[in-house]
Amino acid sequence: MKNIGVEWQVRAIRGATTASDNSVEAIREVVRELLDELEARNDLNPELIISATFSVTRDLDAVFPAAIARERPRWCNVPLLDVQQMYVKGSLERCIRFLIHVNWPAHTEIYHPYLRGAQNLRPDWSLAVAVAGEK
């Protein structure tokens, strides 16, 4: 049978935010906000997610971002991983980043959410939509 329709490929979505402090409540608030933005702006069905890796700076250790993601509808079967971001002197503090791989239609725009204090990490992605194939 010939495959007619949309061509799919594995795509990566990046995003980041910052927490106001190292508490479960503060981290939960910003992770939920970040994932809400990810899903809404991309009209993302979590069942298309292959895997998600969260990294946090060394000053955040109150809760795993993946544990917060698992609380979301349809995220319970997504393979999730938490890691500590490499420390670089003078880098952004209390930062949570993600790298999410999805099965996504080729040539579809992807919005990479960079929120709060993380907007300056990728100003080219924080307010604009990155077009498929752009770097």
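Preceding this paragraph is the structure being described.
Residues numbered from 1 in each chain as written. Predicted model: local features only at pLDDT ≥ 70, side-chain atom pairs only at ≥ 80, totals over all residues. Heavy atoms only, no water.

S.K.: Requested: an account of the pairing of strand 2 (residues 49-56), with residues and values cited.
M.R.: Pairing of strand 2 with strand 4 (residues 95-105), which is carried by seven bridges, proceeds in the antiparallel orientation. Bridge pairing in strand 4 places Ser55 opposite Arg97. (Pairing = 2+ DSSP bridges. Helix = DSSP H or I, 4+ residues; strand = E, 2+ residues; numbered from the N terminus.)

S.K.: Account for the nonpolar core, naming residues and giving values.
M.R.: Nonpolar side chains in soluble globular proteins tend to be buried together. Counting residues in each nonpolar core, the largest one holds 28 residues, and the members touching the most others are Phe54 and Trp75. The set of elements that each furnish at least two residues to this core consists of helix 1 (24-42), strand 2, helix 2 (65-69) and strand 4. Counting residues per element, this core draws most heavily on helix 1, at six residues. If we ignore the near neighbours within four places in the chain, the residues touching Trp75 are Leu35, Leu38, Glu39, Pro46, Ile49, Ala52, Ala69, Leu80 and Ile100. (Core = buried A, V, L, I, M, F, W, Y, C linked by side-chain atoms within 4.5 Å. Buried < 20%, exposed > 50% of the residue type's maximum accessible area, 1.4 Å probe, protein only. Contact = heavy atoms within 4.5 Å.)

S.K.: Before we move on, can you summarise the packing of aromatic side chains with the specific residues and values?
M.R.: Overall, the coordinates contain one aromatic pair when judged by the stated rule. Measuring from centroid to centroid gives 6.4 Å for Phe54 and Phe98, while their planes differ by 80 degrees, and the two rings are edge-to-face. Of this pair, Phe54 sits in strand 2 while Phe98 sits in strand 4, and the two are 44 residues apart along the sequence. Sitting above the plane of the Tyr87 ring, Arg58 keeps its charged end 3.6 Å from the centroid. (Phe/Tyr/Trp six-rings, centres within 6.5 Å; stacked < 30°, edge-to-face > 60°. Lys NZ or Arg CZ within 6 Å of the ring centre and 35° of its normal.)

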